[in-house]
There are 2 protein chains.
Amino acid sequence: MKGDGKFVYLFNEAGKEMKNLLGGKGANLAEMTKIGIPVPPGFTITTDVCNLFNVLGMKYPDGLRSQVEDAVSVLEKKMGMIFGDPNNPLLLSVRSGARVSMPGMMDTVLNLGINEEVVRGLISRSDDERFAWDSYRRFIQMYGDVVLGLKPENKDDLDPFEIEIDRIKEEKGVELDTELTGQDLMELSIRFKSIIKRSLGIEFPDDPWEQLWGAVGAVFGSWNNDRAVKYRSLNDIPSEWGTAVNVQSMVFGNMGESCATGVAFTRDPATGERIFFGEYLTNAQGEDVVAGIRTPYQVTKEGSIRWAKSSNLDEGTRIRNSLSLEERMPAEYRELELAYEKLEDHYKDMQDIEFTIQNGKLWLLQTRTGKRTAAAAVKIAVDMVEEGSIDERTAVLRVLPSQLDQLLHPAFDINASRKVIAKGLPASPGASTGLVVFNAEDAEEWSEEGKKVILVRIETSPEDIGGMKSAEGILTARGGMTSHAAVVARGMGKCCVSGCGSLKIDYSKRTFEVDGNIITEGDWISIDGSTGEVMLGKIPTIPPKIGKDFSKLMSWADKFRRLGVRTNADTPEDAVTARKFGAEGIGLCRTEHMFFEGDRIKAMREMILSNDEAGRRKALDKLLPMQREDFEGIYRAMEGFPVTIRLLDPPLHEFLPHDRDAQEEIASDIGITLEEVIQRTASLSEFNPMLGHRGCRLGITYPEITEMQTRAIIEAACDLKKEGMEIIPEIMVPLIGTVKELELQKEIVNRIASEVMDHKKIEVDYLVGTMIEIPRAAITADEVAVYADFFSFGTNDLTQMCFGYSRDDSGSFLPEYVEKGILENDPFKVLDQTGVGQLVEIGTRKGRSIKNDLKVGICGEHGGEPRSIEFFHRIGLDYVSCSPYRVPIARLSAAHASLKEQ
Amino acid sequence: MKGDGKFVYLFNEAGKEMKNLLGGKGANLAEMTKIGIPVPPGFTITTDVCNLFNVLGMKYPDGLRSQVEDAVSVLEKKMGMIFGDPNNPLLLSVRSGARVSMPGMMDTVLNLGINEEVVRGLISRSDDERFAWDSYRRFIQMYGDVVLGLKPENKDDLDPFEIEIDRIKEEKGVELDTELTGQDLMELSIRFKSIIKRSLGIEFPDDPWEQLWGAVGAVFGSWNNDRAVKYRSLNDIPSEWGTAVNVQSMVFGNMGESCATGVAFTRDPATGERIFFGEYLTNAQGEDVVAGIRTPYQVTKEGSIRWAKSSNLDEGTRIRNSLSLEERMPAEYRELELAYEKLEDHYKDMQDIEFTIQNGKLWLLQTRTGKRTAAAAVKIAVDMVEEGSIDERTAVLRVLPSQLDQLLHPAFDINASRKVIAKGLPASPGASTGLVVFNAEDAEEWSEEGKKVILVRIETSPEDIGGMKSAEGILTARGGMTSHAAVVARGMGKCCVSGCGSLKIDYSKRTFEVDGNIITEGDWISIDGSTGEVMLGKIPTIPPKIGKDFSKLMSWADKFRRLGVRTNADTPEDAVTARKFGAEGIGLCRTEHMFFEGDRIKAMREMILSNDEAGRRKALDKLLPMQREDFEGIYRAMEGFPVTIRLLDPPLHEFLPHDRDAQEEIASDIGITLEEVIQRTASLSEFNPMLGHRGCRLGITYPEITEMQTRAIIEAACDLKKEGMEIIPEIMVPLIGTVKELELQKEIVNRIASEVMDHKKIEVDYLVGTMIEIPRAAITADEVAVYADFFSFGTNDLTQMCFGYSRDDSGSFLPEYVEKGILENDPFKVLDQTGVGQLVEIGTRKGRSIKNDLKVGICGEHGGEPRSIEFFHRIGLDYVSCSPYRVPIARLSAAHASLKEQ
């Protein structure tokens with residue numbers, strides 16, 4: 001604690017460097033003030049006071065009162081208003097603000113300094129009785145709750161104030177809060193005060209100063225309430241940090257037609273274009289814009305004209321109904337433009353601004369880094385490097401890997417016919433098609449059943465988050481580009497069309513009507529988040545195109561990353577796609593997928609149904625040329641890059657037919673009896689196939705399979721090398737549990753490879769390595785490494801066996817485990833670093849203890865998951881391998897991991 | 001290499017302390033000679049010579065020749081025979097003998113010093129033309145193979161000598177080797193010599209000295225052959241050790257009726273009684289006794305009389321047909337008695353002796369520690385302590401834990417009716433009942449199919465080992481107590497009746513006839529290895545009784561062991577049995593077994609089929625009193641010892657019926673539709689139940705199950721404590737993968753326990769711990785330990801998940817894995833120390849890093865397996881828990897582990 005006795009800092013006396021003393025919020029408001037942004041004047045009571053207050057037994061240190069009084073009088077001067085003066089009342093907000101944002105503490109009291117007398121003063125100034133009384137009853141309710149602590153008796157009971165609101169609505173015969181008149185709200189305020197008297201035995205304070213000290217004390221006291229203490233202990237936050245208290249002048253955008261409020265971005269958050277972009281409402285509160293209750297107007301003239309065009313409004317209608325702020329209040333708009341330039345220049349990033357105009361005076365209430373679509377993030381990052389504002393490293397870190405998914409999502413096929421039935425705002429880009437559902441619960445349920453859904457809502461709220469996540473896309477009838485639906489969808493990288501006002505949604509009938517079309521729950525629709533179009537039916541999609549900015553950003557990412565990025569690809573087509581996305585080889589080519597096509601499955605079944613080696617070899621001979629052809633195609637697509645081919649992995653019964661007809665067919669094809677087919681199928685069935693006869697266990701029991709696959713791999717490589725191509729095959733033995741398995745399989749591979757190369761008279765460099773996917777392989781990796789040219793962690797199986805969870809069966813408890821916090825994430829999506837990650841780390845360390853340059857990669861689902869990739873970087877893997885569409889995500893994640901480490 | 005130039009040591013010049021210089025065999029022969037045992041004279045050429053020989057490029061050091069010649073002349077004097085003298089020929093054996101026994105080197109050449117002239121001399125002395133020529137042709141064959149190196153051209157071809165034997169048999173029109181006459185064998189010898197001439201281009205050496213130096217050189221040369229070098233490198237044996245060469249006078253037990261050969265034990269190897277016990281044949285070779293081709297006579301008179309009684313022979317017949325050595329050759333017998341006393345006194349353990357009497361002179365060829373039954377091992381160990389010959393530690397180490405199984409095996413119920421059809425020798429104690437099979441392959445196959453078999457053979461040979469292992473018991477028509485069948489069966493702790501001469505076995509018909517009964521393959525028979533009786537049909541068995549000696553030995557074992565030994569018991573009966581065997585508590589009480597009996601399964605099914613918590617609670621209320629009663633019974637049986645109760649573990653679908661009738665019954669019992677039963681059953685079925693919804697995952701999803709079980713556990717404990725009993729419940733949460741699971745389950749247990757104890761007004765000390773059976777639990781044991789009062793490693797599941805092997809399915813590859821040496825043992829039988837053991841070690845270490853006195857045990861199958869127990873001792877576990885019958889094995893293994901460590 002500093003001893004200089006200065007407990008209070010006006011916003012213009014401090015800056016962002018004083019976060020420890022003033023808390024995050026206080027320091028930021030000071031910073032904005034310092035650079036000349038018109039922030040409503042205010043001051044911060046330091047975190048030192050919080051500590052003193054608690055040490056002194058809930059008493060303030062000497063001198064605080066006079067410092068606060070002095071500060072308030074500075075605010076009065078700046079605002080030209082007097083705290084508690086009914087004729088010209090200054091109202092204040094009081095907010096907590098610790099060094100880090102911390103739930104559990106008292107949050108906010110608004111409109112402080114109000115009482116019945118002040119209300120009457122406000123009415124005479126604003127001419128708006130309802131606004132004034134509503135402000136008062138809200139203050140009583142908020143103050144009664146957070147400062148005086150009037151809570152429902154039981155946790156599950158309704159709030160006593162809300163009960164009273166319901167009661168008065170019933171008495172007045174109205175349904176909505178908004179139908180209550182000024183007089184009703186006055187009555188409600190009086191009733192609120194008597195509830196407080198009755199419940200707490202105290203008079204509600206009318207004195208503004210008493211209100212202020214009460215709120216300040218409540219903030220400091222809340223630092224040590226149970227929830228805050230628990231949160232601190234869970235997050236290792238020292239209790240000595242304390243919280244600051246921010247006291248700020250209230251400004252109102254809803255005091256008449258010379259008032260307005262809005263939200264704006266310094267660049268277009270959807271496209272990243274360097275245009276000022278924002279929405280506002282006149283005579284409104286900030287929440288009105290965000291909540292999407294009224295559809296807001298555009299801030300700029302250009303935006304307004306563009307919007308009118310997309311809504312088919314003529315210029316006259318536009319000017320009448322949807323005039324821009326630029327046109328309506330040109331002076332204030334100019335000020336706003338100046339502010340945003342200053343802010344972007346200062347914070348070196350696109351800003352999301354909240355502003356209010358009160359009687360012609362512009363105030364900025366908040367600035368923060370603006371959320372943006374992936375495309376915008378990429379464009380802004382690249383533009384800012386070119387503008388000289390940030391460097392390449394910063395640019396790379398500005399784009400979240402998890403966001404890229406959005407960029408990489410497919411769009412609608414342009415050639416497909418579209419029946420556009422409505423048009424809304426292009427709130428979050430992308431294309432999605434799905435079955436209509438009308439609430440979040442249904443969205444979640446249907447999608448759990450494997451159905452694709454589009455969530456259609458009048459507007460969304462935070463309760464809908466789960467359903468929004470589950471849905472393919474979101475369509476709302478109300479709300480702008482900054483509405484809840486739009487902001488959340490962009491954050492999720494999910495396609496969204498908002499503010500589609502022509503939709504008439506009937507929740508009870510589970511239909512919506514638009515232009516005479518009636519769409520019912522379960523019907524297919526498609527939405528285009530980049531155009532705002534809503535279409536009937538299911539529309540085919542095409543893969544996304546990668547723009548110039550994207551490529552530039554990716555090339556920077558590649559400069560900074562250490563991890564290699566490969567792809568999991570089983571076909572030449574996948575390989576081509578992945579190479580376009582920047583894959584540097586194939587980390588996992590699953591050969592078994594190749595066996596399912598056409599005639600191959602017949603030969604495969606013949607092999608499995610053979611009773612002896614000779615029969616199996618005969619069938620394998622049929623498969624050999626097909627496999628060789630597969631590998632040729634893949635090699636060509638990946639020329640010059642390594643191609644890791646995994647030998648046959650799944651249990652053989654997966655290839656056999658289980659219905660009678662197919663069994664009869666295969667019996668007659670092969671020339672054995674149906675009974676033999678049934679018997680062999682039964683003998684191959686397993687209680688726990690995941691832990692059964694699969695992986696290299698097949699190659700051990702049937703070495704001829706390994707022989708055939710090796711032959712195909714090496715023959716194809718030799719043939720292409722003769723054409724002058726550079727081919728780098730890496731043969732991967734799956735499901736090793738003991739070193740001996742690898743040793744035996746490697747013997748076979750090497751023997752066949754020599755044979756083939758002798759015969760073809762050409763040498764091909766190839767590696768023989770192994771998947772590490774059995775816990776035992778990881779913990780005995782020092783033994784395994786002796787025979788391995790490389791390791792590739794199969795984190796899917798490793799997760800199954802480390803946890804003892806069958807991926808196919810864990811649905812019965814895993815969602816509950818995540819929900820109850822037993823697991824932080826679904827370990828099949830995000831690598832469990834504590835357990836599975838430990839095995840990866842042990843395996844890597846032990847493997848390298850034997851061969852210190854052992855190449856180690858990972859080819860499970862986690863290879864495309866940003867947090868997991870960061871972990872793989874940290875423990876020193878050489879590469880990750882993931883599905884083609886996730887390759888850019890992996891490249892960017894790898895760069896992030898590398899940059900964060902520095 | 002010593003430089004003193006002494007390269008040759010006569011047996012009487014050395015002793016067992018010179019093993020490094022003379023090799024194991026040489027040192028032992030010297031030792032026997034030193035203590036005055038009549039060993040055929042001989043000498044050893046030192047291991048130094050081996051090194052010199054190889055360093056000098058296959059040349060002997062100076063002075064060796066004269067030392068060998070001097071030594072041979074000493075042998076000549078001792079034996080009164082001359083090397084190479086046709087009138088009185090001394091024949092020699094030449095054997096290798098390194099510091100440790102080592103396969104791959106040249107083994108033995110017998111009858112060295114023989115040639116055609118010597119043969120004629122032998123004929124004139126022995127009057128046995130056939131014996132003499134057979135000795136010669138055997139020598140040529142042996143020498144040609146091992147010294148001259150005449151091998152078949154291809155590995156898989158027949159031996160050229162064997163081809164010639166087949167040819168001569170065809171020419172002479174005979175089928176068996178034994179049908180060849182002396183003249184035939186002479187002819188064969190000549191042909192053998194010309195084969196050698198033809199193939200190798202050399203004359204077969206007739207000169208005895210040339211033969212001797214050839215054999216010595218072959219032994220030294222074999223030290224560096226491929227197989228020996230490979231064996232050394234695999235077993236870390238330095239090549240500088242070298243091998244010695246042992247040259248010894250040949251003696252013959254087959255040179256007429258004043259010759260004999262036999263095998264004897266210094267105590268009864270079946271019972272351990274301190275009586276001299278042995279079998280012999282006159283005019284025979286050692287192999288004849290062991291091979292069981294002729295049924296041998298008893299060495300002692302007492303033994304002979306006893307044997308005659310058991311075979312219903314009158315004294316006259318006995319004397320005519322089966323006279324003891326004691327009666328037939330009293331002087332030589334006396335000498336033999338003296339020798340065995342000396343040997344036992346010297347080696348302080350029961351000895352297994354090979355002897356030969358040549359023309360009235362006794363020679364001992366070998367002595368070694370005698371194999372014995374478990375009962376004999378116990379009795380001998382305890383007797384020797386009481387005789388003052390060994391101390392208690394040595395006695396404990398003398399009994400192999402793996403042998404005890406035999407002692408603990410059940411015997412036939414005395415009250416059961418027996419239809420004895422034959423009587424053989426009581427070769428290896430125990431009682432077994434099974435289906436008749438006639439060869440080892442069938443024994444293995446049938447037993448793999450889960451059938452119990454008795455292997456019935458005329459005699460057994462080493463090829464039959466696999467089948468003998470698989471069989472419940474072994475019955476042979478020929479061979480004595482020291483026959484192959486008897487010795488091997490005792491080693492395996494397997495019941496065996498040998499030499500049952502009344503059996504007429506027809507392999508081709510797959511039957512045997514005895515006294516007019518025809519028994520066919522697949523018929524049930526029973527054999528009693530303690531009485532030698534063979535009975536028709538299946539006879540019930542009763543548990544074994546534990547004798548006084550056993551208890552004494554066990555009490556010594558308990559003094560030396562550090563590991564605690566508990567039992568896995570699910571019923572009061574099991575608990576009682578285990579306590580009798582010395583269990584110090586229950587380490588695993590599986591509550592689910594209790595749910596299968598009678599009405600319980602109905603209530604259990606009702607619980608599982610309920611759609612909601614209320615329904616489940618109703619069914620659980622029915623189960624509560626039954627569970628409480630179970631625990632009461634178990635507590636009573638284990639009073640004063642801890643009882644570890646595992647909460648419900650298996651997946652719920654295991655409790656549901658799968659056949660239509662039972663499903664209909666349960667539907668009507670519970671009052672739901674059949675469809676609901678079928679649907680619920682289907683919804684519970686899993687692809688990989690081992691990795692599914694089981695263990696604590698059930699308790700997390702259905703906390704009410706944990707509540708009911710806790711209630712039953714604590715209520716029962718409270719009630720019994722009120723009776724004044726000491727009850728120590730330890731509640732074990734199964735299948736923990738994350739600490740949070742344990743935390744949540746422990747919360748429930750503690751809450752219910754408090755409720756129960758408050759209500760019962762009595763406090764019970766209980767612990768809450770967890771199984772460590774998921775790899776993740778082991779590697780995050782430091783987290784888990786925070787909430788665990790104890791750990792118990794479930795090595796069955798841990799093995800499944802560490803290897804990724806389903807125990808139920810691994811039959812398709814695991815046997816092959818063991819056979820191919822991929823795995824040393826079936827990891828479900830013997831703990832895999834490298835992999836699974838590492839997890840146990842990591843888990844223990846991490847757990848104790850948090851709580852340094854954390855109690856750690858193990859309750860998988862491995863808790864009763866000696867090698868695994870030694871490992872658990874070494875890594876510092878507190879206890880093992882195993883099935884009741886294995887408790888003594890665990891106690892003894894724990895003592896061994898402890899003593900070996902010291």
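Residues numbered from 1 in each chain as written. Chains lettered and ligands numbered in written order. Predicted model: local features only at pLDDT ≥ 70, side-chain atom pairs only at ≥ 80, totals over all residues. Heavy atoms only, no water.

Enquirer: Please explain the overall build of chain A as it appears in this structure.
Expert: What chain A contains, in helices and strands, is 36 helices and 33 strands. Taken along its principal axes, the extent of the C-alpha atoms in chain A is 105 × 70 × 55 Å. Classification of the 902 residues of chain A by burial places 58% in the buried group. When contacts within chain A are restricted to residue pairs at least 6 apart in sequence, those whose partners lie at least 24 apart make up 68%. Summing over all exposed atoms, chain A offers an accessible surface of approximately 36400 Å²; the carbon and sulfur share of this is 48%. In chain A, 108 side chains carry a positive charge and 143 a negative one; their mean positions are 3 Å apart. (Helix = DSSP H or I, 4+ residues; strand = E, 2+ residues; numbered from the N terminus. Buried < 20%, exposed > 50% of the residue type's maximum accessible area, 1.4 Å probe, protein only. Contact = heavy atoms within 4.5 Å. Areas by Shrake-Rupley, 256 points an atom, 1.4 Å probe, with all protein chains shown as cover. Lys, Arg positive; Asp, Glu negative; His and termini not counted. Charge placed at Lys NZ, Arg CZ, Asp CG, Glu CD.)

Enquirer: Sorry, what's going on with the sheet that holds strand β24 (residues 533–536) of chain A here?
Expert: Each strand in a sheet pairs with another by means of backbone hydrogen bonds, the pair being arranged parallel or else antiparallel. Residue and element names in this part refer to chain A. As summarised here, the arrangement of the eight strands in space is β14-β24-β23-β16-β17-β18-β19-β15, forming an open sheet in which the pairing is mixed. Two strands in the sheet have a free side with no partner beyond their single neighbour: β14 (420–423) and β15 (425–428). Strand-to-strand, the axes of this sheet are offset by a mean angle of 30 degrees, without reference to chain direction. Taken together, the three bridges between β15 and strand β19 (residues 495–498) define a ladder with antiparallel strand orientation. The residue bridging Leu-425 from the neighbouring strand is Ser-498, located in β19. In the packing of helix α18 (residues 440–448) onto the sheet, contacts are made with β16 (431–437) and β17 (453–457), and the angle to β16 comes to roughly 110 degrees. (Pairing = 2+ DSSP bridges. Axes fitted to C-alpha atoms, helices over the stretch in contact; angles between N-to-C directions.)

Enquirer: Would you take a moment to explain the relation of the copies chain A and chain B for this structure?
Expert: Turning one copy of the chain about an axis and sliding it along that axis gives the other copy, so a rotation and a shift relate them. When chain A is fitted to chain B, the best match, at an RMSD of 0.3 Å, comes from turning it 179 degrees and sliding it 0.2 Å along the axis. Taken together, the turn and the small shift mark the pair as related by a two-fold rotation axis. Taking the C-alpha atom as reference, chain A places Asn-688 of chain A closest to the rotation axis, 2.2 Å from it. When the interface residues of chain A are mapped onto chain B, 98% of them again fall at the interface, so both copies present the same face. (Least-squares fit on C-alpha atoms with pLDDT ≥ 70 in both.)

Enquirer: It is not clear to me how the pattern of salt bridges should be interpreted in this structure. Could you clarify?
Expert: Working definition: two side chains of opposite charge can pair if their charged atoms are close together. Residue and element names in this part refer to chain A. In total, this model carries 131 salt bridges over all chains according to the counting rule given. A salt bridge links Arg-561 to Asp-558; its shortest N-O distance comes to 2.8 Å. Here Arg-561 falls in the buried class, since its relative accessible area comes to 11%. Take Asp-558: its relative accessible area is 28%, and that puts it in the partly exposed class. Between Glu-723 and Arg-636 there is a salt bridge; the shortest N-O distance is 3.1 Å. Taken together, the residues span a long stretch of sequence, with Glu-723 in the loop between α28 (703–722) and β29 (728–733) and Arg-636 in helix α24 (residues 613–637) at a distance of 87 residues. (Salt bridge = Lys/Arg side-chain N within 4 Å of Asp/Glu carboxyl O.)

Enquirer: Explain helix α1 (residues 19–34) of chain B to me, please; I cannot follow it from the model alone.
Expert: The periodicity of an α-helix, 3.6 residues per turn, causes residues three or four positions apart to be oriented the same way. Residues and elements named next belong to chain B. In this model α1 runs just 14 Å from its N-terminal to its C-terminal C-alpha over 16 residues, more than 12% under the 22 Å that 1.5 Å per residue would give. The sharpest bend along α1 measures roughly 80 degrees and falls at Lys-25. Looking one or two residues past α1, Gly-36 carries a phi angle of roughly 90 degrees, positive in sign. (Expected span 1.5 Å × (residues − 1). Bend = angle between axes of the 7 residues up to and from the residue.)

Enquirer: How should I be thinking about unusual backbone geometry in this particular structure?
Expert: Leave glycine aside and you will find that most residues have negative phi; peptide bonds, for their part, are mostly trans. Residues and elements named next belong to chain A. Of note, the phi angle at Met-58 is positive, near 65 degrees, even though the residue is not glycine. For Lys-761, which is not a glycine, the phi torsion comes out positive at approximately 55 degrees. Take Lys-761: it is sitting in the loop between α29 (739–760) and β30 (767–772). Residue classification places Lys-761 among the exposed residues on the basis of a relative accessible area of 72%.

Enquirer: Looking at this model, I keep getting lost on the interface of chain A and chain B. Mind explaining?
Expert: The partner chain B presents 44 residues to the 45 residues of chain A that form the contact. The junction of chain A with chain B conceals about 4000 Å² of combined surface from both sides, 58% of it contributed by carbon and sulfur atoms. Area buried by chain A at its contact with chain B is led by Asn-688, Leu-691 and Arg-776 of chain A, which between them contribute 16% of it. Of the charged contacts, one joins Arg-776 of chain A and Asp-832 of chain B as a salt bridge, the two residues approaching to 2.6 Å between their closest N and O atoms. The interface formed by chain A and chain B includes 26 residue pairs in polar contact (both at pLDDT 80 or more). (Buried area = accessible area lost by both parts, 1.4 Å probe. Polar contact = N/O pair within 3.5 Å; in protein donor to acceptor, adjacent residues only side chain to side chain.)

Enquirer: Before we go on, may I ask you to explain the pairing of strand β32 (residues 855–858) of chain A in this structure?
Expert: A regular strand places its side chains so that they alternate between the two faces of the sheet. Residues and elements named next belong to chain A. When strand β31 (residues 790–793) meets β32, the two strands line up parallel, connected through four bridges. Note that in β32 the partner of Ser-792 across the bridge is Gly-857. Here β32 pairs with strand β33 (residues 879–882) via two bridges, running parallel. In the sheet register, Ile-858 faces β33, and the bridge partner there is Val-880. Handedness of the crossover joining β32 and β33 through helix α35 (residues 866–874): right-handed. (Right-handed = clockwise from strand over helix to strand, strands pointing away.)

Enquirer: Which parts of the structure should I look at to understand the packing of helix α5 (residues 129–147) of chain A against helix α6 (residues 160–172) of chain A?
Expert: Geometrically, a packed helix pair is captured by the angle between its two axes and the distance between the axes. Residues and elements named next belong to chain A. Axis separation between α5 and α6 bottoms out at 10 Å; the angle between their running directions is 150 degrees. Judged on the interaxial angle alone, α6 and α5 are roughly antiparallel. Across from Arg-137, Ile-140, Gln-141, Gly-144 and Asp-145 in α5, the residues of α6 making contact are Phe-161, Glu-162 and Ile-165. Looking at the contact of α5 with α6 residue by residue, the class counts come to three nonpolar, two polar and three charged. (Parallel < 35°, antiparallel > 145°, perpendicular 65-115°, else oblique. Nonpolar A, V, L, I, M, F, W, Y, C, P; charged D, E, K, R; others polar.)

Enquirer: Please clarify how the sheet that holds strand β12 (residues 361–369) of chain B should be interpreted in this entry.
Expert: All names here are of chain B. Reading across from one edge, β10-β9-β8-β11-β12 is the order of the five strands in this open sheet, with antiparallel pairing throughout. Whereas interior strands pair on both sides, the edge strands pair on one side only; in this sheet they are β10 (297–298) and β12. By the bridge criterion, six bridges tie strand β8 (residues 260–265) to strand β11 (residues 351–358) in an arrangement that is antiparallel. Opposite Ala-264, over in β11, you have Ile-353 as the bridge partner. The strands that helix α14 (residues 330–347) touches are β11 and β12; relative to β12, the one it contacts most, it runs at about 25 degrees.

Enquirer: Looking at this structure, how should I read helix α15 (residues 374–386) of chain B?
Expert: All names here are of chain B. With 13 residues, α15 ought to run about 18 Å at 1.5 Å a step, and its terminal C-alpha atoms sit 18 Å apart, in line with that. In terms of burial, α15 is a largely internal element, 10 of the 13 residues being buried. The complete set of buried residues in α15 reads Ala-374, Ala-376, Ala-377, Val-378, Ile-380, Ala-381, Val-382, Asp-383, Met-384 and Val-385. One or two residues past the end of α15 sits Gly-388, with phi positive at roughly 80 degrees.

Enquirer: I tried to follow the packing of aromatic side chains on my own but got confused; where do I start?
Expert: Each aromatic ring pair is characterised by the separation of its centres together with the angle its planes make. In this structure the tally under the stated criterion is 44 aromatic pairs over all chains. Sitting over the ring of Trp-213 of chain A, Arg-65 of chain A keeps its end group 4.5 Å from the ring centre. (Phe/Tyr/Trp six-rings, centres within 6.5 Å; stacked < 30°, edge-to-face > 60°. Lys NZ or Arg CZ within 6 Å of the ring centre and 35° of its normal.)

Enquirer: Sorry, what's going on with the packing of helix α1 (residues 19–34) of chain A against helix α14 (residues 330–347) of chain A here?
Expert: Residue and element names in this part refer to chain A. Here α1 crosses α14 at 120 degrees, and the two axes come no closer than 11 Å. If you check the angle between α1 and α14, you find them oblique. Taken as a pair, α1 and α14 cross one another with a handedness that is right-handed. Together, Asn-28, Glu-31 and Met-32 of α1 and Leu-343, His-346 and Tyr-347 of α14 make up the contact between the two elements. Grouping the constituent residues of the contact of α1 with α14 by class yields three nonpolar, two polar and one charged. (Left-handed = near helix turned anticlockwise from the far one by under 90°.)

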